[in-house]
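Inside the fold
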Amino acid sequence: MASAKKNTFREKPENTHSAKTELDEGITDGTKKAGKHKSKKSKPLPGKKFFAFLKDERFQKISGALLILLSIYMLLAFTSYLFTWQVDQDKVEALGWMGMLFGNNEIIVENWLGKFGAIISHQFIYRWFGVVSYLFTVLFFVYGFRLITLKWLYNPYKLLKLCLLAMLVFSPFVGYFVFNTKVVFLGGAFGYQVNLWLFALLGKIGTLLLLIFMVFGIIVVYFNPSFVISKTSKMQAETNHSQQENNKTNAIRNNLQEDELEKDEIHKYDLTNGIVDDIPDGQNEDKQNHLEITLEEGNTNKVTIIDESEDFSVEVGQDDAKELSEDEINNKLAEFGEYDPTLELSSYEAPSIELLEAYGSGSIVVNKEELEENKNRILDTLKNYNIEISKIKATVGPTVTLYEIVPAPGVRIAKIKNLEDDIALSLSALGIRIIAPIPGKGTIGIEVPNSKPEVVSMRSLIASEKFQLSEMELPVVLGKTIANETFVTDLTKMPHLLMAGATGQGKSVGLNAILVSLLYKKHPSQVKFVLVDPKKVELTLFNKIERHFLAKLPDSEEAIITENKKVVHTINSLCIEMDMRYELLKDAGVRNIKEYNAKFINRRLNPEHGHKYLPYIVLVVDEFADLIMTAGKEVETPIARLAQLARAIGIHLIIATQRPSVNIITGVIKANFPARIAFRVTSKIDSRTILDSGGAEQLIGRGDMLFSTGNDLIRIQCGFVDTHEVDKITEFIGAQRGYPSAFLLPEYVDENSDDLGSIEDEGERDELFEEAARIVVSTQQGSASLLQRKLKLGYNRAGRIVDQLEAAGVIGPFKGSKAREVLFKDMQTLEQFLSNLKQNNNNNNTL
């Protein structure tokens, strides 16, 4: 994926140097014509011309091509040396460089690249570093590629360090095992001499232990492998091979494409003679003389999981000259490479697919007798009301079968719609739902529950091609549609989700499915969860991933929020986080979090100015009705504010409730939650409260739901993930190395509380007041963001200290977009002022 990233800022005009040369020539010609009396000092010195030639783009491209050809030449020469060294060694040793290059042409060597190939391979392999000298070919190729394309295949400084260390360590390491053998040259003269010295110093066993330690050190420093031992280590060992195979995305794509050829057979059932024909998908032929049922079965192929958590594709934002110049950007990228937010937890492994269980058979069993019987009953009911049908088609899903009927010309749709209860009575089924007409089709849909519904396991959804190969920002796999297709949506496009349904209809399982989707797809640095669980039992399993994926207040002991007072503080803290992020976006000159992170990854934003990588934040409220009943406007107001503004800065809300009444789901909430999920409810009024339309009262429960994004309704069977599966996933993640603590939200202090302190009373000043004053004067910057970074404070506390500094006369008043003026210019004057301030305070306390 890295190759797909755009690097438009690296591109340079092709004719920059040539245009400059033409301009210089024009100026020189003009100067000569204007007068020959001008001083010769104005002519460029020969040395400057030479250096200008070295910087010329054409010279760099030629040099790059030369380095690449040299790397290929050395690769072939080194490889040939491994087979021809016995024949050529005596000739090279006897004649030396000059003799081989300029001596008798009748001397013939066996090396594939001739005399010069024999000389350089003898020098590099025999006299220097042995087979480790192959690293020189890598260095030459990478640097040559850079000169031609202006792009680094790998961080140049890391590569140079790694190659030098490898030569110093692996040459003796290889030399140890070939010591006193015919192939001692594989370790090179350097490896041989180092081993001689170490044998005398440590002995052979001590030398081996030291060399193993040095090799281990290089591997840990540069690749940082994980050696975590947990309860699931046995499972990890069993699935290690499958995970390695799953990481090979290209191979999986090929397998998926092959599987696609076997997808969705269509069985054609002829009602006139009862013959069933298997025909390929898309070749369903209409017949005019009879009715037919077409059964569509979804893809039941098993797909192995693909771990694409390291890979991070983003678009590069437009250049901002106020932050860094073009040269500074290129220099930083050349020195450090792109910023990698996953580097701090580079050893993190996404959960294995084996942690999830496969429920059901994984395929739909088509009961042709049931389909035939339901079809006849539907036709008989419609015929009783003189409604003629020209065609009927059945799409079999995991829990529901959709019968699509094409009415005869002249039949009114409303007439069929009004027969919903009559059809339900004739079929003796629960949850009959009529869609008249189906959006985008010229048919009317009748949804009938299957007599033997299939369980949709979360394992099959996570392993699906749609989910694993999705490039969405926050992909969520909800379940399977009536057509047995995996339904994947992007949380950032919703951008907020409202879930509702009666008790025991699948809301908690739906929340777990959403959270598990994100855990399988995203790295801990990319997304954080704020979990609110008033019932105190639904989301407690996610406590184990606190140091990886959870966010909390600085003074909070537990990351899962269960007390209503802390819920209010947390939601208001998210509002502060939202305001801070909007300030960062404004300073960066971008419109949303995706553009901001792209700009930061490409090192176009300076961390010293407060910029940082921003993870997505997902707020999950399990029982919203309880919060509204106890906190009311204290909760509704900040949630409505987040719902209105937080989309652009990466904060998304998921709210669930079992009471879909208008006093809980108010108009303000509904207006800002375009994405809705409705599980089964008890009345049409509740369905209209959630979806603005009926239909949820006709669902059959057990994860059967309707999903709406404001356009049409999609019926989905939610993926089932059991509690013990979530427990295994969180335990697997929690056993790995995490961050020192959970992601800390900004500090929030209730304005109605009495612990704010007075900025006018010297005795009530913050304990960090003096330290903050020294920081402000030393840097000559009076801003809350500076104090946040230097003192590691929350936004509210830093803001209060700034107000106290202003009241004390250390900094000037707020001036809009301009920085506050620091009224003290040196530390000596400040220290005298602080001393007087402290003395006056002590005198006031004495009085």
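1. Re the sheet that holds strand β11 (residues 527-532)
If you walk across this open sheet you meet the 9 strands as β9-β8-β17-β16-β15-β10-β14-β13-β11, and the pairing is mixed. Only two strands of the sheet have a single partner each, and these edge strands are β9 (486-490) and β11. Neighbour to neighbour, the strand axes of the sheet diverge by 30° on average, direction disregarded. Looking at chain direction, strand β8 (residues 475-481) and strand β17 (residues 713-718) are connected through 3 bridges and run antiparallel. Note that in β17 the partner of T481 across the bridge is I716.

2. Some points on the packing of helix α16 (residues 507-521) against helix α24 (residues 723-734)
Packing of α16 against α24 brings their axes to within 11 Å, and their N-to-C directions diverge by 30°. It follows that α16 is roughly parallel to α24 by the angle criterion. α24 is crossed by α16, and the crossing has left-handed handedness. Counting all contacts with α16, which are made through N512, V516, L519 and Y520, the residues of α24 involved are V726, I729 and I733. Of the residues in the contact of α16 with α24, the class split is 6 nonpolar, 1 polar and no charged.

3. Considering helix α4 (residues 114-129)
The end-to-end C-alpha distance of α4, which contains 16 residues, comes to 21 Å, matching closely the 22 Å that a straight helix rising 1.5 Å per residue would cover. Those residues of α4 that fall on the buried side of the exposure criterion are K115, G117, A118, I119, I120, S121, H122, Q123, F124, I125 and F129. With its phi angle positive at about 70°, G130 sits one or two positions after the end of α4.

4. Topic: the side chain of K522
Mapped onto the fold, K522 is located in the loop between α16 and β11. Notably, K522 is buried but unbridged: the nearest opposite-charge side chain belongs to E473, and the N-O separation is 5.4 Å. There is a polar contact of 2.9 Å between the side chain of K522 and the backbone oxygen of E473. Ignoring any residue separated from it by four or fewer positions in sequence, one finds K522 in contact with Y348, M472, E473, L474, P475, V527 and F549.

5. Overview of the environment of M74
Considering the arrangement of structural elements, one finds M74 in helix α3 (residues 57-102). When its relative accessible area of 2% is taken as the criterion, M74 is described as buried. When the C-alpha positions of M74 and T137 are compared, they lie 6.5 Å apart, and in sequence the two are 63 residues distant. Those residues within four positions of M74 in sequence are excluded, and the remaining contacts are I120, F124, F136, T137 and F140.

6. A short note on the pattern of salt bridges
Across all of its chains, the model carries 22 salt bridges by this definition. Residues K535 and D622 are paired through a salt bridge, measuring 3.8 Å at the closest nitrogen-oxygen approach. Here K535 is found in the loop between β11 and α17 (546-549), whereas its partner D622 is found in the loop between β13 (616-621) and α20 (624-631), with 87 residues between them in sequence. What makes D622 buried here is its relative accessible area of 3%. One continuous salt-bridge network, built from bridges that share partners, spans R433, E447, D704 and R715.

7. Description of unusual backbone geometry
For the bond from M494 to P495, the omega torsion is -10°, close enough to zero to count as cis. Here P495 is to be found in the loop between β9 and β10 (497-500). The backbone of R702 shows a phi angle near 55°, a positive value even though the residue is not glycine. With respect to the helices and strands, R702 occurs in the loop between α23 (684-691) and β16 (704-708). Positive phi outside glycine occurs at Q780, with the angle close to 60°.

8. Brief notes about the packing of aromatic side chains
A full pass over the atoms with the stated rule returns 24 aromatic pairs. Ring geometry for F124 against F136: centres 5.0 Å apart, planes inclined by 75°, an arrangement best described as edge-to-face. Of this pair, F124 sits in helix α4 while F136 sits in helix α5 (residues 134-149), placing them 12 residues apart in sequence. Assessed through its relative accessible area of 17%, F136 is described here as buried. Summarising the aromatic geometry, the rings of Y339 and Y613 are spaced 6.4 Å apart at their centres and angled 40° between planes, so their arrangement reads as tilted. Here Y339, found in the loop between α10 (326-336) and α11 (368-384), pairs with Y613, found in the loop between α19 (593-601) and β13; they are 274 residues apart in sequence, far enough to count as distant. In this structure Y613 comes out as buried when scored by relative accessible area, which is 12%. Taken together through their ring pairs, the aromatic side chains of F78, F124, W128, F129, Y134, F136 and F190 make up a single cluster. Directly above the ring of F199 sits K204, whose terminal nitrogen or CZ lies 5.8 Å from the centroid. Between K521 and the ring centre of F467, over which it is positioned, the NZ or CZ distance is 5.6 Å.

9. Examining the confidence of the model for the protein chain
Overall, the predicted model of the protein chain reaches an average pLDDT of 77, with 77% of residues at or above 70. Taken together, the stretch residues 1-43 has pLDDT below 50 and engages in 33 contacts with residues farther than four places along the chain or on a different chain. Throughout residues 753-761 the model reports pLDDT below 50, and contacts reaching past four residues in sequence, or to other chains, amount to 10 contacts.

10. Some thoughts on the packing of helix α6 (residues 156-177) against helix α7 (residues 188-223)
With their axes 8 Å apart at the nearest point, α6 and α7 run at an angle of 140° to one another. The orientation of α6 with respect to α7, classified from their angle, is oblique. Taken as a pair, α6 and α7 cross one another with a handedness that is left-handed. Looking at the contact of α6 with α7 residue by residue, the class counts come to 22 nonpolar, 5 polar and 3 charged.

11. Points about α20
Because the α-helix completes a turn every 3.6 residues, residues three or four places apart line up on one side. Among the residues making up α20, those that are buried are F624, A625, L627, I628 and A631. Considered in projection along α20, the buried side chains sweep an arc of 160° and stay on one side of the axis. Residues of α20 that are buried make contact with β11, α18 (564-588), β13, α21 (633-645), β14 (651-657) and α22 (667-671). Capping the start of α20 is the job of one residue whose side-chain oxygen sits 3.3 Å from the backbone nitrogen of A625: E623. In the stretch just after α20, G632 is the one whose phi turns positive, near 65°.

12. Describing the pairing of strand β15 (residues 675-678)
Consecutive side chains of a regular strand alternate in pointing toward one face of the sheet and then the other. Residues of β15 alternate between two faces, with A675 and I677 on one and R676 and A678 on the opposite face, all of them buried. Pairing geometry for β10 and β15, over 4 bridges, is parallel. Paired with M499 across the bridge in β15 is I677. Pairing geometry for β15 and β16, over 3 bridges, is antiparallel. Looking at β16, one finds that A678 is bridged to L706.

Scoring rules and cut-offs
Residues numbered from 1 in each chain as written. Predicted model: local features only at pLDDT ≥ 70, side-chain atom pairs only at ≥ 80, totals over all residues. Heavy atoms only, no water. Pairing = 2+ DSSP bridges. Helix = DSSP H or I, 4+ residues; strand = E, 2+ residues; numbered from the N terminus. Axes fitted to C-alpha atoms, helices over the stretch in contact; angles between N-to-C directions. Parallel < 35°, antiparallel > 145°, perpendicular 65-115°, else oblique. Left-handed = near helix turned anticlockwise from the far one by under 90°. Contact = heavy atoms within 4.5 Å. Nonpolar A, V, L, I, M, F, W, Y, C, P; charged D, E, K, R; others polar. Expected span 1.5 Å × (residues − 1). Buried < 20%, exposed > 50% of the residue type's maximum accessible area, 1.4 Å probe, protein only. Lys, Arg positive; Asp, Glu negative; His and termini not counted. Salt bridge = Lys/Arg side-chain N within 4 Å of Asp/Glu carboxyl O. Polar contact = N/O pair within 3.5 Å; in protein donor to acceptor, adjacent residues only side chain to side chain. Phe/Tyr/Trp six-rings, centres within 6.5 Å; stacked < 30°, edge-to-face > 60°. Lys NZ or Arg CZ within 6 Å of the ring centre and 35° of its normal. pLDDT = per-residue confidence, 0-100. Arc of directions from axis to C-beta.

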